[in-house]
Amino acid sequence: MKIVVCLKQVPAKDAPLRPLPDGSGIREDVGYEMNEPDAYALEEALRRKEAGGGEVVALTLGPERASQILREALAKGADRALHLVSPPEARLDAAATAAAIAAALQRDASSSGAAAGSAAGGFDLVLTGLQSDDMGFAQTGVLLAERLGLPHATIIMQIEPAGSGLRVKRELEGGFFQSLEMPLPAVLTIQSGIHKLRYATLLGIKQAKNKPLAKIPLEELGVDTPNCQRMLRLFVPQKTKKTIMLDGPAPEIAARLLEHLRAAHLLPGS
Amino acid sequence: MQHPEMQADIVIVGAGPAGLACALRLAELYDRHNREHPDRPLQKENILVLEKGREPGAHLLSGAVMDPAAWRRLVPDFEQSQELAFTPVADDAVFALTARRAWPLPLTPPPLRNHDNFVISVNRLGQWLAARAEAAGVTIFPATAAVEPLWHRDQPQKMRGVRTGDKGLDRDGKQKSNFEPGYDLLAPVTVLAEGSRGSLTRQLLETLKLASVNPPLYSLGVKEIWELPAGRFPAGRVWHTLGWPLPPSQYGGGWIYGLPGNRVSIGLVTALEYADPRTDPHAYFQRFKTHPRVRALLQGGELRRYGAKTIPIGGWDSMPPLAGQGWMIAGDGAGLLNSQRLKGIHLALESGRLAAEAAYQAIALSEPRRLLEYAEAVRSGVIGRELYAVRNFHQGFERGLLAGLAHAGLQMLTRGRGLRRRYPAVAGHLRMRPLAEMPAAPPAPFQPDGKLTFDKLADLYYSGTRHEENQPPHLQVRDPGICTFRCSHEYGNPCQFFCPAAVYELIGEGGERRLQLHPSNCVHCKTCDFMDPYGIITWVPPEGGGGPNYEGM
Ligand SMILES: Cc1cc2nc3c(=O)[nH]c(=O)nc-3n(C[C@H](O)[C@H](O)[C@H](O)COP(=O)(O)OP(=O)(O)OC[C@H]3O[C@@H](n4cnc5c(N)ncnc54)[C@H](O)[C@@H]3O)c2cc1C
């Protein structure tokens, strides 16, 4: 199976985050690491390959520093890597990111001579993490499926081959799961914690240096999908301790709740 | 257990200034060699560097004011390293502190004069050197701890490499499903560049029964980075302080260095050689910030980073043998630090560079004995000259600050000799006195306010420390019974005070009191490895990748 796994570099979990004074983002003086669910997507991809052969391509879109997570993926066993290099000041939303990744996959297919015109660039499986630890949109994988014209399933806990396709287990709310079969190629967004992550071995780290890591400047992809989201301001939540307890019969509580929401201008048109 | 083997030309343990300087210089020597001897090329990928931090630089913490001489020798295109934002020292001052006042010394003593030096971040310096070494073709293994030296079976004095730590062991030492055994990295040359109190360095000295003239001596440096309102403390300003809050008998002092971006590096060094087992270097540092002068400076600012690390201060007479069969020791691990100037980065860089020269001779000419030339080059070269001249400085403070300053003056007149050729020294943990000999009332515990001053756990959050929780404990207490039944009465468990990361906690009441360890808090400062009065704590490297994340420190 030919698998591409999309990885994002995010601020390290333990990094003390600080918004920029103008609220346009966070300060860059923090450590970065591979987004946690993406690490599980990579693990799943490597296990698929070990079980059934094929190729694992690690892909990221991000500034120059994001190459570090691709080297990590190569050290753990990915065969090659694609880095869509964005300018440092670029802030792509999920739609623009998905458009760029889709373009890169199609371009990869034509350059590697795979079935031209195939939607997913000749990949059988496209994996992403469920969501990113920094923005948390959980949209990139879904939008990417739309761009590639492929079926998708989200919050995947388990994957098994079934006929010419896959049987996957999705996590729903409240301890429920859904099991479904899907055809290939497909896009799956992977949940954290579904396997134990492997360590890169020293041999893996050494060999990773000789594996191909292609850097493609974003502008070379010729995608001009504009962001459809705009971040107004990033700020630390204000601590306000104003809990109001509403007691009484439900209809009364509902009415008073509405009043409070209106008074706080939290309803549209209020 | 089977350990996979990997052959190399050289294994360098530790990606600090010493280890990285060694790797980078050796890569250059390989390039030159390959130009001159294309018939027998050397492979730069066989230069291996191991780093236990998650990335090179993650465990590097320093002040830091750097003497640039060694850096210039290592990186001749000095200008290129300007992206590192080295800040030239603009002005410097030394203050003697009392609880209320700060008296500027009329003249900055020559060792603390810092013109032509640079205020830097050693974390950034490490990241930069590592990237450069990797680009040159060196192999760096991040998140990889060396855990023991390996010796030739038939020549037990000859090192044949190191073993790296297993990964994926649980609390009880059982293999988890993602277990990976450590590697045996085999090479004719091993360089131990582990920094202060290296674990392999300690094992090596024990195995070969080698020792320095004086025992090794250490200080603990506790540091924070603050961001201040613009214009409060210019980048490149360098302040040192003496006195308060340290009692006159306590060796140490404070620093405040101006960094770019309205930030300051602020910290306090406390020598780990005191009588009172309740001494708490972290609390001293917190008190330091409440000095009116310092408080005014930090007012309205915000804490950004925290960390702590030991500093070898024994100097010339605490230097162990530096080389032997198949091994060399460089940097802080060999005690190469000028405690009078609180500077070791330049000596680490220089020793790493010298180790590379010797390693090249040993590797390219297959002449292992050339490693001994390294020891000679350090002792008789610029490093040795600098350390020999201040050999008695620290020991002169044996009887406290005033006597120390008198000795220091005398030593300056006698080119380092002072009253004696060698001032004796006593290992820090042997100086600790039982509680019974201490004033009955314990010092009032420090009450942090959460704005200017912090407790250890609050500070720890700013160190970015993280470990795999389910792993064998990396703080090995040989006999926990001693902690509960002897130490608690005799010394009151000093580990809970000297540890700057709240690893050691006493829980329970009265007869039920016992010591609880929180190894995940550990910032790898190594204090407990030598400072407990019974010598029963051994610090071993935890699973590679664990530890602090000293971004910008
Ligand atoms: C608070 C403080 C302030 C200081 N101020 C100054 C100053 O202003 N100017 C100055 O010049 N010097 C200063 N120093 C000293 C200076 O930081 C050191 O001399 C210098 O960092 C030593 O470099 P090194 O490479 O020998 O060791 P380190 O910098 O300690 O680096 C050692 C590296 O090896 C790694 N390592 C250790 N053991 C292992 C292992 N077993 N396996 C794998 N990796 C391992 C560590 O994680 C670390 O990354 C200061 C030190 C401190 C603590």
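Residues numbered from 1 in each chain as written. Chains lettered and ligands numbered in written order. Predicted model: local features only at pLDDT ≥ 70, side-chain atom pairs only at ≥ 80, totals over all residues. Heavy atoms only, no water.

Any chance you could explain the interface of chain A and chain B here in plain terms?
Interface size is often expressed as the accessible area that is lost when the parts come together. Contacts between the two partners involve 22 residues from chain A and, on the opposite side, 35 residues from chain B. A combined buried area of about 2,400 Å² lies between chain A and chain B, and 48% of that area is made up of carbon and sulfur atoms. Of all residues in chain A, Y199(A), L202(A) and K206(A) bury the most surface against chain B, accounting for 31% of the area lost on that side. Between R304(B) and D29(A) there is a salt bridge, with its nearest N and O atoms 3.0 Å apart. Counting across the chain A and chain B interface gives twelve residue pairs in polar contact (both at pLDDT 80 or more). Here the side of chain A that touches chain B gets four residues from one element, more than from any other, and that element is helix α5 (residues 202-208) of chain A. (Contact = heavy atoms within 4.5 Å. Buried area = accessible area lost by both parts, 1.4 Å probe. Salt bridge = Lys/Arg side-chain N within 4 Å of Asp/Glu carboxyl O. Polar contact = N/O pair within 3.5 Å; in protein donor to acceptor, adjacent residues only side chain to side chain. Helix = DSSP H or I, 4+ residues; strand = E, 2+ residues; numbered from the N terminus.)

Which parts of the structure should I look at to understand the pairing of strand β8 (residues 165-171) of chain A?
If a strand is regular, its side chains alternate between the two faces of the sheet. Residue and element names in this part refer to chain A. Strand direction decides the pairing type here: strand β7 (residues 152-162) and β8, joined by six bridges, are antiparallel. Note on β8: the bridge partner recorded for P161 is L166. Where β7 folds back on β8, the antiparallel hairpin that results is connected by two residues, among which G163 adopts a positive phi of roughly 60°. Two strands pair when backbone bridges link them, and β8 and strand β9 (residues 177-182) are joined in this way by six bridges, in the antiparallel orientation. By the bridge assignment for β9, L166 is matched with M182. Hairpin connection from β8 to β9: five residues lie between these consecutive antiparallel strands, with G174 at a positive phi of about 65°. (Pairing = 2+ DSSP bridges.)

Explain the sheet that holds strand β1 (residues 2-7) of chain A to me, please; I cannot follow it from the model alone.
Hydrogen bonding along the main chain pairs the strands of a sheet, whether they run parallel or antiparallel. Residue and element names in this part refer to chain A. With mixed pairing, the nine strands of this open sheet are ordered in space as β9-β8-β7-β10-β6-β1-β4-β5-β11. The open sheet is flanked by β9 and β11 (213-217), the only strands paired with a single partner. For this sheet, the mean angle separating the axes of adjacent strands, direction not counted, is 30°. On the sheet, helix α3 (residues 94-111) packs against β1, β4 (55-62), β5 (80-85), β6 (125-129) and β11 and is oriented at approximately 135° with respect to β5. (Axes fitted to C-alpha atoms, helices over the stretch in contact; angles between N-to-C directions.)

For this particular structure, what's the right way to read the pattern of salt bridges?
Side chains bearing opposite charge may pair, as long as their charged atoms lie close to each other. Residues and elements named next belong to chain B. Applying the stated criterion across every chain yields a total of 45 salt bridges over all chains. Residues D67 and R341 are paired through a salt bridge, measuring 3.1 Å at the closest nitrogen-oxygen approach. Of this pair, D67 sits in the loop between β4 (65-66) and α2 (69-74) while R341 sits in the loop between β22 (327-329) and α7 (345-364), and the two are 274 residues apart along the sequence. Residue class for D67 comes out buried when judged on its relative accessible area of 14%. By sharing partners, the salt bridges in this structure join R25, E28, R73, E350, R353 and E357 into a single network. (Buried < 20%, exposed > 50% of the residue type's maximum accessible area, 1.4 Å probe, protein only.)

Any chance you could explain the packing of α7(B) against helix α8 (residues 371-380) of chain B here in plain terms?
Describing two packed helices takes the angle between their axes plus the distance from one axis to the other. Residue and element names in this part refer to chain B. Contact geometry of α7 with α8 gives a least axis separation of 8 Å together with a crossing angle of 155°. In terms of orientation, α7 lies roughly antiparallel with respect to α8. In terms of crossing hand, the pair formed by α7 and α8 is right-handed. When α7 is examined against α8, the residues S351, L354, A355, A358, A359 and A362 are found in contact with a partner set consisting of L371, Y374, A377 and V378. (Parallel < 35°, antiparallel > 145°, perpendicular 65-115°, else oblique. Left-handed = near helix turned anticlockwise from the far one by under 90°.)

How should I be thinking about the packing of aromatic side chains in this particular structure?
Any two aromatic rings considered together are summarised by their centre-to-centre distance and by the angle between their planes. All names here are of chain B. Evaluated as defined, the whole model comprises twelve aromatic pairs over all chains. Their ring planes at 70° and their centres at 5.5 Å tell us that W71 and F86 sit as a pair that is edge-to-face. Within this pair, whereas W71 is found in helix α2, its partner F86 is found in the loop between α2 and β5 (87-88), the two being separated by 15 residues in sequence. Take W71: its relative accessible area is 0%, and that puts it in the buried class. Consider the rings of F233 and W239, whose centres lie 4.9 Å apart with planes at 85°: the pair is edge-to-face. Of the two residues, F233 and W239, both sit in the buried class. The residue whose ring lies beneath R379 is W316, and the NZ or CZ to ring-centre distance is 4.6 Å. (Phe/Tyr/Trp six-rings, centres within 6.5 Å; stacked < 30°, edge-to-face > 60°. Lys NZ or Arg CZ within 6 Å of the ring centre and 35° of its normal.)

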